[in-house]
Amino acid sequence: MEGLLFPIIMLTVTLVGGGLLLLFLKTAKKRPVSDETAISVQTAQQFINVRDVKDKYLYTKDGLVLTYLRVHAISIDLYSKAEKNNLIKQITAELSDIQYPFKFMAVSRPVDISPLISDMQGMLKTADDKRKELLRQEILQMSSFALSGEIVERQFYISLWDRYEDGVEKDLLKRASLLAEKFTTNGVGCDILTEKEIVRLLNLVNNPSYTHLEDTDFEAGIPMLKEDIYA
């Protein structure tokens, strides 16, 4: 009898444990989807928080309206130290009265050297044999630079935003126009981005493989992010 007591106890413990496990599995809630799985099925539009781009405005899913300005780069290599200091003081004075938040962005993009290549192709028609060969080699070299994206330039943007409500676009555009004027009055080019330019900027910031040489025509779509994007 004592020899059968231990197996009976083990069997009882096993049955009780198995019953508790089955009860737990039946009553347990469905396992939530992991963050990685949820991210892998997000669309690109959800990932970058964009609801719509229309005219000069970007509308986000969390209820904001944004507009963008491009600040044109200037060369100060030939400026004297005094001229540089004066430019800094003038722009600082112009921007000192801004009482609203804004974001400054500096991004790199390939330089558009297609006009230079077009000019060299035009020179081929009137060049002699020796110059034609040199021009052909130069065109091939420039074309390889354009395709590789090795030649880049820095571009500068400012974004302004406000909470969406009726008529906010007009106020936002007025604010952006006044800010652009502060730069242009000091000899620094600045303009407000249009719809296609905003889309191009979004591609430039969120898509590393994008270049401005691509076709900028776009249409509505729902691109999906790859599953292994965070692998």
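Residues numbered from 1 in each chain as written. Predicted model: local features only at pLDDT ≥ 70, side-chain atom pairs only at ≥ 80, totals over all residues. Heavy atoms only, no water.

A. Focus on the pattern of salt bridges. Within the structure shown, the criterion is met by three salt bridges. Ionic pairing is found between Lys182 and Asp97, a salt bridge with its closest N-O pair at 3.2 Å. In this pair, Lys182 is assigned in helix H7 (residues 168-184) and Asp97 in the loop between helix H4 (81-95) and strand E4 (103-110), connecting sequence segments 85 residues apart. In this structure, Arg175 and Asp162 form a salt bridge, with 3.3 Å as the shortest nitrogen-oxygen distance. Of this pair, Arg175 sits in helix H7 while Asp162 sits in strand E5 (residues 152-163), and the two are 13 residues apart along the sequence. Looking at Arg175, the relative accessible area reads 18%, which means it is buried. (Salt bridge = Lys/Arg side-chain N within 4 Å of Asp/Glu carboxyl O. Helix = DSSP H or I, 4+ residues; strand = E, 2+ residues; numbered from the N terminus. Buried < 20%, exposed > 50% of the residue type's maximum accessible area, 1.4 Å probe, protein only.)

B. Geometry of the pairing of strand E1 (residues 50-54). Relative to strand E2 (residues 57-60), E1 runs antiparallel, the two being bridged by four bridges. Note on E2: the bridge partner recorded for Val50 is Thr60. (Pairing = 2+ DSSP bridges.)

C. Molecular detail of H7. Compared with the 24 Å implied by 1.5 Å per residue over 17 residues, the 24 Å span of H7 between its first and last C-alpha is a close match. Of the residues making up H7, those classed as buried are Val168, Glu169, Leu172, Arg175, Ala176, Leu179, Ala180, Lys182 and Phe183. Angularly, the buried residues of H7 cover 150° about the axis, an arc narrow enough to put them on a single face. Exposed positions of H7 whose direction lies more than 90 degrees from the buried face are Lys170 and Lys174. (Expected span 1.5 Å × (residues − 1). Arc of directions from axis to C-beta.)

D. Summary view of the nonpolar core. The biggest cluster of nonpolar side chains holds 19 residues, and the ones touching the most others in it are Leu69, Ile158, Leu160, Leu179 and Phe183. Of all the secondary-structure elements, those providing two or more residues to this core are E2, strand E3 (64-71), H4, E5, H7 and strand E6 (190-192). Sort the elements by how many residues they give to this core and H7 lands first, with six residues. Among all residues touching Phe183, those that are not within four sequence positions of it are Val71, Ile91, Leu95, Ile158, Val188 and Cys190. One finds Tyr157, Leu193, Ile198 and Val199 within the second-largest nonpolar core, a separate group that totals 15 residues. (Core = buried A, V, L, I, M, F, W, Y, C linked by side-chain atoms within 4.5 Å. Contact = heavy atoms within 4.5 Å.)

E. Quick look at unusual backbone geometry. For Asp55, which is not glycine, the phi dihedral falls at a positive 55°. With respect to the helices and strands, the residue Asp55 is situated in the loop between E1 and E2. With a relative accessible area of 45%, Asp55 lands in the partly exposed category.

F. Spatial organisation of the environment of Asp191. With respect to the helices and strands, Asp191 occurs in strand E6. You can call Asp191 partly exposed: its relative accessible area is 30%. C-alpha separation for the pair Asp191 and Val71, spaced 120 residues apart in sequence, amounts to 6.9 Å. Sequence-distant contacts of Asp191, defined by excluding residues within four places in its chain, comprise Tyr68, Leu69, Arg70 and His72. Side chain to side chain, Asp191 and His72 meet in a polar contact 2.6 Å long. (Polar contact = N/O pair within 3.5 Å; in protein donor to acceptor, adjacent residues only side chain to side chain.)

G. Representation of the confidence of the model for the protein in the model. Looking at the protein as a whole, the pLDDT averages 76, with 65% of positions reaching at least 70. Confidence drops under pLDDT 50 across residues 225-231; counting only partners more than four residues distant or on other chains, this segment forms 10 contacts. (pLDDT = per-residue confidence, 0-100.)

H. Fine view of the packing of H4 against H7. Here H4 crosses H7 at 165°, and the two axes come no closer than 9 Å. Classed by the angle they form, the pair H4 and H7 counts as roughly antiparallel. For the element pair H4 and H7, the recorded crossing hand is right-handed. Counting all contacts with H4, which are made through Ile91, Glu94 and Leu95, the residues of H7 involved are Leu179, Lys182 and Phe183. For the contact of H4 with H7, the residue count by class is four nonpolar, no polar and two charged. (Axes fitted to C-alpha atoms, helices over the stretch in contact; angles between N-to-C directions. Parallel < 35°, antiparallel > 145°, perpendicular 65-115°, else oblique. Left-handed = near helix turned anticlockwise from the far one by under 90°. Nonpolar A, V, L, I, M, F, W, Y, C, P; charged D, E, K, R; others polar.)

I. Region of the structure containing the packing of aromatic side chains. Per the stated rule, a full pass over the model turns up two aromatic pairs. Between Phe104 and Phe156, the aromatic rings sit 5.9 Å apart at their centres with planes inclined by 15°, giving stacked as the arrangement. With Phe104 in strand E4 and Phe156 in strand E5, this pair connects stretches of sequence that are 52 residues apart. Over the ring of Tyr100 we find Arg175; its NZ or CZ atom is 5.0 Å from the centre of that ring. (Phe/Tyr/Trp six-rings, centres within 6.5 Å; stacked < 30°, edge-to-face > 60°. Lys NZ or Arg CZ within 6 Å of the ring centre and 35° of its normal.)

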